[in-house]
Amino acid sequence: MRAELAERLPDATWALALVVHRTGVHDVDTSEYAYRRAGQVAVREVLALLGAGGAGR
């Protein structure tokens, strides 16, 4: 999430709080990459809702 925010809002100062409501672990598709990708998607969705962060990048 930090990397995605830094890429999309390079000159911004931000604070982040994350609440995970539920999660699951599956041997087939649980990996560090999957969690990083989920963080990227979450940041993009939040920034799109806020109308910030160059959603088209």
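Residues numbered from 1 in each chain as written. Predicted model: local features only at pLDDT ≥ 70, side-chain atom pairs only at ≥ 80, totals over all residues. Heavy atoms only, no water.

A.B. asks: Sorry, what's going on with the pattern of salt bridges here?
C.D. replies: Pairing is possible between side chains of opposite charge, provided their charged atoms come close. Here the structure, examined in full by the defined rule, presents 3 salt bridges. Of the charged contacts in the structure, one is a salt bridge between Glu4 and Arg8, with a shortest N-O distance of 2.5 Å. Of the two residues, Glu4 and Arg8 both sit in helix H1 (residues 2–8), 4 residues apart, roughly one turn of that helix. For the residue pair Glu4 and Arg8, the accessibility class agrees, reading buried in each case. With its nearest N and O atoms 2.7 Å apart, the salt bridge here joins Arg44 to Glu4. Of this pair, Arg44 sits in helix H2 (residues 32–50) while Glu4 is found in helix H1, placing the two residues 40 residues apart along the sequence. Residue Glu4 is classed as buried on the basis of its relative accessible area, which comes to 3%. Via salt bridges that share partners, Glu4, Arg8 and Arg44 belong to a single interconnected network. (Salt bridge = Lys/Arg side-chain N within 4 Å of Asp/Glu carboxyl O. Helix = DSSP H or I, 4+ residues; strand = E, 2+ residues; numbered from the N terminus. Buried < 20%, exposed > 50% of the residue type's maximum accessible area, 1.4 Å probe, protein only.)

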